[in-house]
Amino acid sequence: VARRCLRRGGYEVIEARDGLEALEVYQEHERIDLVLLDLTMPRLDGLRTLERLRALEPGVRVVLSSGFSEHEVQRQLGQGDHAELFLPKPWTGPELLQIVARALG
C-alpha cells in the first residue's frame, strides 16, 4: 500500500522485506533520501534497523511507523534518541504523503 501511494505521489520507491534487507539495500544504493521503517519487521525490528542505519549514516532521515503510540515509541528509543518523524497506524495515503513531504522539506 505504501509503495503504491508513494509512487502515485511521484516518489521513487525501493522496497525491503525486513530490517536486514533494508540495511543491505541502503548500503547498495548511492542515494536514499528517506527511510520509512515499521517498528514490527521480521529478522530485525525497526528500532534495531534504525540503530544500524544511524551507525552507517548518522544523519539518515527516518520516518517510523507503528501501531504503538508515539509516546511508547519514544520510550523504546530512549532519552537520547529520536526519529525525525512518527506516522501512527493506521494511516491514510494523504497522511503518508504529507509526512514524507515534511521529512524531505
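First, a word on what this report is: a plain description of the structure on this page. (Residues numbered from 1 in each chain as written. Predicted model: local features only at pLDDT ≥ 70, side-chain atom pairs only at ≥ 80, totals over all residues. Heavy atoms only, no water.)

## What about the overall build of the chain?
Helix and strand counts for the chain come out as five helices and three strands. N-terminal to C-terminal, the α/β element order of the chain is α-α-β-α-β-α-β-α. When the 105 residues of the chain are sorted by exposure, 36% land in the buried category. For the chain, the share of sequence-separated contacts (at least 6 apart) that also reach a separation of at least 24 residues comes to 52%. Entry remark: accessible area of the chain is about 6,800 Å², with carbon and sulfur atoms responsible for 48%. (Helix = DSSP H or I, 4+ residues; strand = E, 2+ residues; numbered from the N terminus. Buried < 20%, exposed > 50% of the residue type's maximum accessible area, 1.4 Å probe, protein only. Contact = heavy atoms within 4.5 Å. Areas by Shrake-Rupley, 256 points an atom, 1.4 Å probe, with all protein chains shown as cover.)

## Focus: the sheet that holds strand β3 (residues 85–88)
Strands pair in a sheet through their backbones, by hydrogen bonds, and they do so in one of two ways: parallel or antiparallel. Strand order in the open sheet made by the three strands is β1-β2-β3, with parallel pairing throughout. Looking at the sheet topology across the chains shown, the edges are occupied by β1 (35–38) and β3. Neighbour to neighbour, the strand axes of the sheet diverge by 25° on average, direction disregarded. With four bridges connecting them, β1 and strand β2 (residues 62–66) associate as parallel partners. For L37, the partnering residue across the bridge sits in β2 and is L64. (Pairing = 2+ DSSP bridges. Axes fitted to C-alpha atoms, helices over the stretch in contact; angles between N-to-C directions.)

## Remarks on the environment of P94
Structurally, the position occupied by P94 is in helix α5 (residues 93–104). Each C-alpha atom of the pair P94 and C5 lies 8.4 Å from the other, and the pair is 89 residues apart in sequence.

## What about the nonpolar core?
In summary, soluble globular proteins display a tendency toward joint burial of nonpolar side chains. In this structure, V35, L37, L53, V60, V62 and L64 are the most contacted members of the largest nonpolar core, which totals 14 residues. When residues of this core are traced back to their parent elements, those giving at least two are α2 (19–28), β1, α3 (46–56) and β2. The biggest single contributor to this core is α3, with three residues. In this structure, C5, V13, V63 and V100 belong to the second largest nonpolar core, which totals 11 residues. (Core = buried A, V, L, I, M, F, W, Y, C linked by side-chain atoms within 4.5 Å.)

## Focus on the packing of α2 against α3
Packed helix pairs are characterised by how far apart their axes lie and by the angle those axes make with each other. As a packed pair, α2 and α3 sit with axes 10 Å apart at the nearest point and diverge in direction by 20°. In this view, α2 runs roughly parallel relative to α3, as classed from their interaxial angle. Two packed elements cross with a definite hand, and for α2 against α3 that hand is right-handed. The segment α2 lies against α3, with G19, L20, A22, L23, Y26 and Q27 engaging T49, R52, L53 and L56. Its residues assigned to classes, the contact of α2 with α3 comprises six nonpolar, three polar and one charged. (Parallel < 35°, antiparallel > 145°, perpendicular 65-115°, else oblique. Left-handed = near helix turned anticlockwise from the far one by under 90°. Nonpolar A, V, L, I, M, F, W, Y, C, P; charged D, E, K, R; others polar.)

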